[in-house]
There are 2 protein chains.
Amino acid sequence: MDFFKLITVRESCRNYTGEPVPRETLKKILNAARLAPSACNSQPWSFVVADTPDAVRHAVECVQDGGANKFTDKAPAFILIVEEHAQLSPRIADRLDSQHFAQIDLGLATAHLCLAAAEEGLGTCIMGLFSEEKAKAYFSIPSEKRVRLIISVGYSADSAPRAKSRKPLDELVRFV
Amino acid sequence: MDFFKLITVRESCRNYTGEPVPRETLKKILNAARLAPSACNSQPWSFVVADTPDAVRHAVECVQDGGANKFTDKAPAFILIVEEHAQLSPRIADRLDSQHFAQIDLGLATAHLCLAAAEEGLGTCIMGLFSEEKAKAYFSIPSEKRVRLIISVGYSADSAPRAKSRKPLDELVRFV
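Our subject in this report is the structure included herewith. (Residues numbered from 1 in each chain as written. Chains lettered and ligands numbered in written order. Predicted model: local features only at pLDDT ≥ 70, side-chain atom pairs only at ≥ 80, totals over all residues.)

**Re the environment of V176 of chain B**
If you trace the backbone, V176 of chain B turns up in the segment after β5 (173–175). Put simply, V176 of chain B and Y138 of chain B are 38 residues apart on the chain and 50 Å apart in space, counted from C-alpha to C-alpha. With sequence-adjacent residues up to four places away left out, V176 of chain B is seen in contact with V48, V49, A50, A55 and F139 of chain A. (Helix = DSSP H or I, 4+ residues; strand = E, 2+ residues; numbered from the N terminus. Contact = placed C-beta atoms within 7 Å.)

**Describing the relation of the copies chain A and chain B**
When chain A is fitted onto chain B, the two copies agree to an RMSD of 0.0 Å after a turn of 180° and an axial shift of 0.0 Å. What the rotation and shift describe, once combined, is the action of a two-fold rotation axis. Rotation axis and chain A: the residue whose C-alpha lies nearest the axis is G107 of chain A, separated from it by 2.0 Å. By residue overlap, the copies meet face to face through one surface: 100% of the interface positions of chain A are interface positions in chain B. (Least-squares fit on C-alpha atoms with pLDDT ≥ 70 in both.)

**Some thoughts on the sheet that holds β5 of chain B**
The strands that make up a sheet are held in pairs by hydrogen bonds between backbone atoms, and each pair lies either parallel or antiparallel. Taking strand neighbours across the sheet as the criterion, the five strands line up as β3(A)-β4(A)-β2(A)-β1(A)-β5(B) in an open arrangement whose pairing is mixed. Both edges of this open sheet fall to β3 (123–127) of chain A together with β5 of chain B, since each of them pairs with a single strand only. Across the sheet, the mean angle separating the axes of adjacent strands is 20° when strand polarity is ignored. The pairing of strand β1 (residues 45–50) of chain A with strand β2 (residues 77–83) of chain A spans six bridges and is antiparallel. Each residue of the ladder has a partner; that of V49 of chain A, found in β2 of chain A, is I79 of chain A. Seen against the sheet, helix α2 (residues 23–34) of chain A touches β1, β2 and β4 (146–154) of chain A together with β5 of chain B and runs at an angle of roughly 165° to β1 of chain A. (Pairing = 2+ DSSP bridges. Axes fitted to C-alpha atoms, helices over the stretch in contact; angles between N-to-C directions.)

**Quick word on helix α2 (residues 23–34) of chain B**
The end-to-end C-alpha distance of α2 of chain B, which contains 12 residues, comes to 16 Å, matching closely the 16 Å that a straight helix rising 1.5 Å per residue would cover. When we look at burial in α2 of chain B, the residues that qualify are L26, I29, L30, A32, A33 and R34 of chain B. (Expected span 1.5 Å × (residues − 1). Buried ≥ 20, exposed ≤ 12 C-beta atoms within 10 Å, placed from the backbone.)

**Section: the interface of chain A and chain B**
With 55 residues of chain A at the interface, the matching set in chain B holds 55 residues. Elements represented by at least two residues in the side of chain A that touches chain B include exactly α1 (3–9), α2, β1, α5 (102–119), α7 (169–172) and β5 (173–175) of chain A. Take the side of chain A that touches chain B: its biggest share by element is 12 residues, from α5 of chain A. With three bridges connecting them, β1 of chain A and β5 of chain B associate as parallel partners. Counted as the bridge partner of V49 of chain A is F175 of chain B from β5 of chain B.

**Observations concerning the pairing of strand β4 (residues 146–154) of chain B**
Residue and element names in this part refer to chain B. Burial within β4 is extensive, with eight of its nine residues counted as buried. Bridge count between strand β2 (residues 77–83) and β4: seven bridges; the pairing is antiparallel. Looking at the pairing, E83 lines up with R146 of β4. Both strand β3 (residues 123–127) and β4 contribute to a ladder of five bridges, which runs antiparallel. Within β4, the position partnered with G123 by the bridge is G154.

**Concerning the packing of α5 of chain A against helix α5 (residues 102–119) of chain B**
Here α5 of chain A crosses α5 of chain B at 50°, and the two axes come no closer than 6 Å. Between α5 of chain A and α5 of chain B, the angle falls in the class oblique. Note that α5 of chain A runs across α5 of chain B; the crossing there is right-handed. The segment α5 of chain A lies against α5 of chain B, with Q103, I104, D105, L106, G107, L108, T110, A111 and H112 of chain A engaging Q103, I104, D105, L106, G107, L108, T110, A111 and H112 of chain B. (Parallel < 35°, antiparallel > 145°, perpendicular 65-115°, else oblique. Left-handed = near helix turned anticlockwise from the far one by under 90°.)

Here is the structure:
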């Protein structure tokens, strides 16, 4: 699909058919995340994928903690985005903390992942609100690491993408 | 272009022809950034575009500060990614700082921008090391804001994309 079409098709999907996603398809979109750019090519990310019934139930518990994200009941898979140590090049590591760019880098990888999912006909929703404590416990993630996002992945039960609501370009951009 | 092809074509371009980029093309890739997802649709970003001789000279001074990024001498345009206040939804704003997701969101918008540029036949390089102080002074950006990235934009003088060097997928991904 043309990229400018793809970004209008990608949206936060909060309505899934429940149909499972083949592991090969999940690997394909994870590979797109793998190829994202990052500061000094540090690739400060890893991905935990919940796509079995037990794991999905646990992921749902994490994202619905406190009553949030109720729409995830029928999502067939979840991808946890874990921040890893970033090895920056020596010249930059002298001046900045190792994790200085890590969240930006996770954003880059997450965009790759969600756009790849859209290209594969999948819906995703990027969630920032969840029980990180439960996620670490359920999925054996070391306590000192940060789980930054959990992404639901599945086939959308909606018939067409919604129109996007965004600030107008001329409010955001200044040519100098 | 198919998305899985596009992500192999997008790379950090450090060799530009010097040919100017039409403003309409810059607006097209900025519009792709505008359509990126963000926490609570907060869109915590703005973009300062340097594409006139004086502005480009100033941008080059910012990114080459301290002897870095020498490859930018022939880049015809630069886009500064500015972090703006994020208005989160009340339920989330009760629990988290307004800027909690802002850097991830800037990463999402930056990926959209660089992939859109690749779709348009343009090369980009995402730079995190530059004089933020000079950038704020030259481009009249309020001192309390953060300029998180500067992206060079132009036509690549390289003949073909390089092979990507990344960690293997099975080192990054764990199915549970």
